[in-house]
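Observations on the three-dimensional arrangement
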Amino acid sequence: MSCLDRFWAVIPAGGAGTRLWPLSRAASPKFLKDLTGTGRSLLQGTWDRLEPLVGDRVVVVTGTAHADAVREQLPGLPDEQLLTEPSPRDSMAAIGLAAAVLERRDPDALLGSFAADHVITDPEAFRRCVRDAVEVADQGYLVTIGIEPTHPATGFGYIRMGEALGGGPACLVEQFVEKPDARRAADYVASGRFRWNAGMFVVRATVLLDLLATWHPALAAGLREVAADPSLLAERWADLEKIAIDHAVAEPAADRGKVAVVPGSFGWDDVGDFHSLATLLPRAADTGEVRVLGDEALVRALDATGIVVPASGRHVAVVGLEDIVVVDTPDAVLVTTRQRAQDVKAVVDALKAEGLDELV
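Notes on the structure in this doc start here. Bear in mind the structure is a predicted one, so any value in this text is a computation, not a measurement.

For the rest of this paragraph, the subject is the packing of helix H6 (residues 205–215) against helix H7 (residues 217–228). At their nearest, the axes of H6 and H7 sit 6 Å apart, and the two run at 140° to each other. The angle between H6 and H7 places the two elements in the oblique class. Residues Thr206, Leu209, Asp210, Leu212, Ala213 and Trp215 of H6 form the contact with H7, whose own contacting residues are Pro217, Leu219, Ala220, Leu223 and Arg224. For the contact of H6 with H7, the class distribution of residues is 8 nonpolar, 1 polar and 2 charged.

Written as structure tokens, this is what we have:
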């Protein structure tokens, strides 16, 4: 049996996409939405990319509130491969639970974690990269996929590549770097030694859990305990440590030479805000430089650029404004600029603080 025959895709489907408010909300997050006009949600697009690699060897981890929507969107997903979190505990608990379940099913299982809400423009190049990552992961490494940067982005973390591993494309990871300022980002891109950190990890299930046990033994033990007895999930879940996989495992393991990176040259975007969403939408014939997500007939644009989302059914007119963002929903309207798109999260935080949970 080849290592690809033991490879499973894990899709963490969580997060509310607060920087895409009011389009994305806690009850209807971005991974359940078609944000690129393909007729498939981001979750379904992720499934479509992975199916040629793994068939039905897919585990989805999502919140209890979204389980029915996930089942509806992914009718080919077996019930036992949908894991539900009673509450958000960040990426390590979600991915670790899937790893623990797969470890019990097959001690030699490999898994790749791929977020449900990313957009990839060259699926075949993506799959070639994953195949390379699986080969390296089978040697005992935690492998991440590093995206070749196209510009000095300040909204992504970076991976600094070290020495090459064998004769393939993989390199050791020297360091994971948090989101840099503009000057450092430009230096990183110019050096040619850095890749964007897309949060994709490929690893043997047992290797991931054993690494976790090195630095967070209680979390590793708790996940394995729940996998052994799923009836304990509701009782134990809230007590599990809330931490991201990068901080829990990837960063400390890289310091010990246990993390590799496979460079990826495919187009990638995490659709983190309306600025990035605008770049993914095609230019409409009747709206000029204004990109539209939804019914283009509802938008009138004159001497304007930016993005409009007419999600309420009302007509929206934009005149003489540059890089505008207008999102019109039945109960909330957002107006900002692409430059300030990252700040939309502050609006969501303020609404929560005011007790207006029905809006978020």
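Another aspect to go through is the pairing of strand S1 (residues 7–13). Of all 7 residues in S1, 6 are buried, a share of seventy percent or more. Strand direction decides the pairing type here: S1 and strand S4 (residues 110–113), joined by 4 bridges, are parallel. Each residue of the ladder has a partner; that of Val10, found in S4, is Ser113. Inspection of the sheet shows S1 paired to strand S2 (residues 58–63) by 5 bridges, in the parallel sense. Looking across to S2, one finds that Pro12 is bridged to Val61. Taken together, S1, helix H1 (residues 42–54) and S2 form a β-α-β motif whose crossover is right-handed.

We now examine helix H11 (residues 344–353). Within H11, burial applies to Val344, Val348 and Leu351. Taken down its axis, H11 places every buried residue within 60° of arc, on the same side. Taken together, the buried residues of H11 touch strand S17 (333–337). One or two residues past the end of H11 sits Gly355, with phi positive at roughly 80°.

So, on to the packing of aromatic side chains. In total, this model carries 7 aromatic pairs according to the counting rule given. An angle of 20° between the planes, with centres 4.1 Å apart, marks the rings of Tyr188 and Phe194 as stacked. Taken as a pair, Tyr188 and Phe194 share a single burial class, namely buried. Grouped by ring-pair contacts, the aromatic residues Phe114, Phe126 and Phe266 constitute a single cluster.

Now for unusual backbone geometry. The amide bond that connects Trp21 to the next residue, Pro22, takes the cis arrangement and shows omega of 5°. Residue placement: Pro22 occurs in the loop between S1 and H1. Despite not being glycine, Asp303 shows a phi value in the positive range, around 50°. Relative to the assigned elements, Asp303 resides in the loop between strand S13 (299–302) and strand S14 (305–310). Positioned with a positive phi, Asp323 is a non-glycine residue whose angle comes to about 50°. Inspection of the secondary structure assignment puts Asp323 in the loop between strand S15 (316–319) and strand S16 (324–328). Its relative accessible area of 36% is what places Asp323 among the partly exposed residues.

Okay, the side chain of Arg291 next. Along the polypeptide, Arg291 turns up in strand S12 (residues 289–292). There is no salt bridge for the buried Arg291, and the closest opposite charge comes from Glu289, which lies 4.9 Å off by N-O distance. The residues contacting Arg291, other than those within four sequence positions of it, are Ala278, Leu281, Pro282, Arg283, Gly306, Ile307 and Val308.

We now examine the sheet that holds S16. Read across the sheet, 4 strands follow the order S12-S14-S16-S17 without closing on themselves; strand pairing throughout is mixed. The open sheet has two edge strands, S12 and S17, and neither has a second partner. Each strand axis lies, on average, 10° off the axis of its neighbour in the sheet, ignoring direction. Judged from the 4 bridges that link them, S12 and S14 form a sheet pairing that is parallel. Looking across to S14, one finds that Val290 is bridged to Gly306.

The next point concerns the packing of helix H3 (residues 90–105) against H6. Packing of H3 against H6 leaves a shortest axis separation of 8 Å and a crossing angle of 130°. As summarised for this structure, H3 and H6 are arranged oblique, according to the angle between their axes. The hand of the H3/H6 crossing is left-handed. Residues Met92, Ile95, Gly96, Ala99, Ala100 and Glu103 of H3 pack against Ala205, Thr206, Leu208, Leu209 and Leu212 of H6. Per-class residue counts for the contact of H3 with H6 are 8 nonpolar, 2 polar and 1 charged.

Tracing the backbone through its elements, the reader meets Arg195 in strand S9 (residues 194–204). At 5.2 Å, Glu148 is the nearest oppositely charged side chain to Arg195, a buried residue that forms no salt bridge. Every residue in contact with Arg195, bar those within four places of it in the chain, is listed here: Gly146, Ile147, Glu148, Pro149, Gly157, Tyr158, Ile159, Met161 and Pro263.

Reading guide: rules and limits
- Residues numbered from 1 in each chain as written.
- Predicted model: local features only at pLDDT ≥ 70, side-chain atom pairs only at ≥ 80, totals over all residues.
- Heavy atoms only, no water.
- Axes fitted to C-alpha atoms, helices over the stretch in contact; angles between N-to-C directions.
- Helix = DSSP H or I, 4+ residues; strand = E, 2+ residues; numbered from the N terminus.
- Parallel < 35°, antiparallel > 145°, perpendicular 65-115°, else oblique.
- Contact = heavy atoms within 4.5 Å.
- Nonpolar A, V, L, I, M, F, W, Y, C, P; charged D, E, K, R; others polar.
- Buried < 20%, exposed > 50% of the residue type's maximum accessible area, 1.4 Å probe, protein only.
- Pairing = 2+ DSSP bridges.
- Right-handed = clockwise from strand over helix to strand, strands pointing away.
- Arc of directions from axis to C-beta.
- Phe/Tyr/Trp six-rings, centres within 6.5 Å; stacked < 30°, edge-to-face > 60°.
- Lys, Arg positive; Asp, Glu negative; His and termini not counted.
- Salt bridge = Lys/Arg side-chain N within 4 Å of Asp/Glu carboxyl O.
- Left-handed = near helix turned anticlockwise from the far one by under 90°.

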